[in-house]
Amino acid sequence: MLSNLTSSLSFAQGLGLFAFFVGISAFLQRQDHQFRTRLTLYSGFIAIHFWLMGAPAASTSCIISAIRTWVSGRSPRRRWMWLFIVMVWVIGLPQVHHPMQALALVGTTVGTWGLFTLHGLRLRLCMLSGTVIWFTHNLWLGSIGGSLLEGSFLVTNSVTIFRLYRQQQLAAQVPSA
């Protein structure tokens, strides 16, 4: 019985580490379309990781995030944003058994708002806020892959934010003809 539990947790952690690499590739993207595509894939993989780790609220939130991210790139209408925010809370809240689990819902809400209302540098700053929330959740849960992932997202997204900011500053200095 113990070996089955260890095997399941090892698979869950391995999947979390795989999601780590997919997620890093997302936050390295400067184009919003590529960012959203890779973020969709990441959300799907990390949802399975959280389910296997026994965190159904986080898993549900990530499944909704995957669908939300995909929709936000194809139909960025505010009615979709509100639908996804309501879904996260209606489906996720009954699965919250500890106050720290609610961080998954808050982090997803922040990301949803950003994906449907922001672009470029502002989108990345909003996603950085959501990353801090998810990082806190994952540390509390004890998710090795998720914690490494969100910690790396903090660094990777910060570097991308700096690059986008610098690119905007350089573009502003170029005189228009």
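These remarks concern the structure in this document. (Residues numbered from 1 in each chain as written. Predicted model: local features only at pLDDT ≥ 70, side-chain atom pairs only at ≥ 80, totals over all residues. Heavy atoms only, no water.)

### Focus on the overall build of the chain
- For the chain, the helix and strand inventory stands at seven helices and zero strands.
- Ordered by position from N to C terminus, the α and β elements of the chain give α-α-α-α-α-α-α.
- With the principal axes as the frame, the chain shows a C-alpha extent of 75 × 30 × 25 Å.
- Taking contacts inside the chain between residues at least 6 apart in sequence as the whole, the part at least 24 apart equals 69%.
- Per element, the accessible surface of the chain, about 9,200 Å² overall, is 69% carbon and sulfur. (Helix = DSSP H or I, 4+ residues; strand = E, 2+ residues; numbered from the N terminus. Contact = heavy atoms within 4.5 Å. Areas by Shrake-Rupley, 256 points an atom, 1.4 Å probe, with all protein chains shown as cover.)

### Let's talk about the environment of phenylalanine 21
- Residue position: phenylalanine 21 is located in helix H1 (residues 2-27).
- Put simply, phenylalanine 21 and serine 152 are 131 residues apart on the chain and 9.7 Å apart in space, counted from C-alpha to C-alpha.

### As for the nonpolar core
- With 24 residues, the main nonpolar core has Phe27, Phe35, Leu39, Tyr42, Ile46, Phe50 and Met127 as its most contacted residues.
- Breaking this core down by element, the ones donating at least two residues are H1, helix H2 (32-52), helix H3 (56-74), helix H5 (102-117), helix H6 (120-141) and helix H7 (144-173).
- Setting aside anything within four residues of it in sequence, one finds methionine 127 in contact with Phe27, Phe35, Leu39, Gly111, Leu115 and Asn157.
- Counting residues in each nonpolar core, the second largest holds 11 residues, with Ile64, Met81, Phe84 and Ala102 among its members. (Core = buried A, V, L, I, M, F, W, Y, C linked by side-chain atoms within 4.5 Å. Buried < 20%, exposed > 50% of the residue type's maximum accessible area, 1.4 Å probe, protein only.)

### Observations concerning the packing of H3 against H5
- It is the contact of H3 with H5, at a shortest axis distance of 10 Å, that shows an interaxial angle of 0°. Taken together, the axes of H3 and H5 are roughly parallel relative to one another. In this structure, H3 contributes Ala58, Ser61, Ser65, Arg68, Thr69, Val71 and Ser72 to the contact, and H5 contributes Ala104, Leu105, Thr108, Gly111, Thr112, Leu115 and Phe116.
- Here the contact of H3 with H5 is composed, by residue class, of six nonpolar, seven polar and one charged. (Axes fitted to C-alpha atoms, helices over the stretch in contact; angles between N-to-C directions. Parallel < 35°, antiparallel > 145°, perpendicular 65-115°, else oblique. Nonpolar A, V, L, I, M, F, W, Y, C, P; charged D, E, K, R; others polar.)

### Regarding a nonpolar patch on the surface
- The grouping of Phe11, Ile48, Trp51 and Leu52 at the surface amounts to a nonpolar patch, some 440 Å² of accessible area in total.
- In this fold, leucine 52 is placed in helix H2. (Patch = residues over 30% accessible without salt bridge, like charges linked within 9 Å, V, L, I, M, F, W, Y side chains within 5 Å. Salt bridge = Lys/Arg side-chain N within 4 Å of Asp/Glu carboxyl O.)

### Overview of the packing of aromatic side chains
- Taken as a whole, this structure holds seven aromatic pairs when the rule is applied.
- Look at phenylalanine 18 and phenylalanine 45: their rings are 4.8 Å apart centre to centre, the planes differ by 85°, and that puts the pair in the edge-to-face class. Within this pair, whereas phenylalanine 18 is found in helix H1, its partner phenylalanine 45 is found in helix H2, the two being separated by 27 residues in sequence.
- Its relative accessible area of 43% is what places phenylalanine 18 among the partly exposed residues. (Phe/Tyr/Trp six-rings, centres within 6.5 Å; stacked < 30°, edge-to-face > 60°.)

### Side note on empty space enclosed by the protein
- For the structure on display, the rule yields two cavities of 30 Å³ or more.
- What the largest cavity holds in volume is close to 200 Å³.
- Lining the largest cavity are 17 residues, and of these Tyr42, Arg68, Met127, Trp134 and Glu150 lie nearest its centre.
- Taken as a whole, the second largest cavity spans an internal volume of roughly 30 Å³.
- In this structure, the second largest cavity is lined by His33, Arg36, Thr37, Thr40, Thr69, Trp70 and Arg74.
- If you list the elements that add at least two residues to the lining of the second largest cavity, you get H2 and H3.
- In terms of residue count, the dominant contributor to the lining of the second largest cavity is H2 (four residues).
- Here the residues of the lining of the second largest cavity sort into one nonpolar, four polar and two charged. (1 Å grid on protein atoms, 1.4 Å probe; cavity = no way out; pocket = protein on both sides within 12 Å on 5 of 7 lines; lining within 4 Å. Points joined across faces, edges and corners; volume = space filled by probe spheres on them.)

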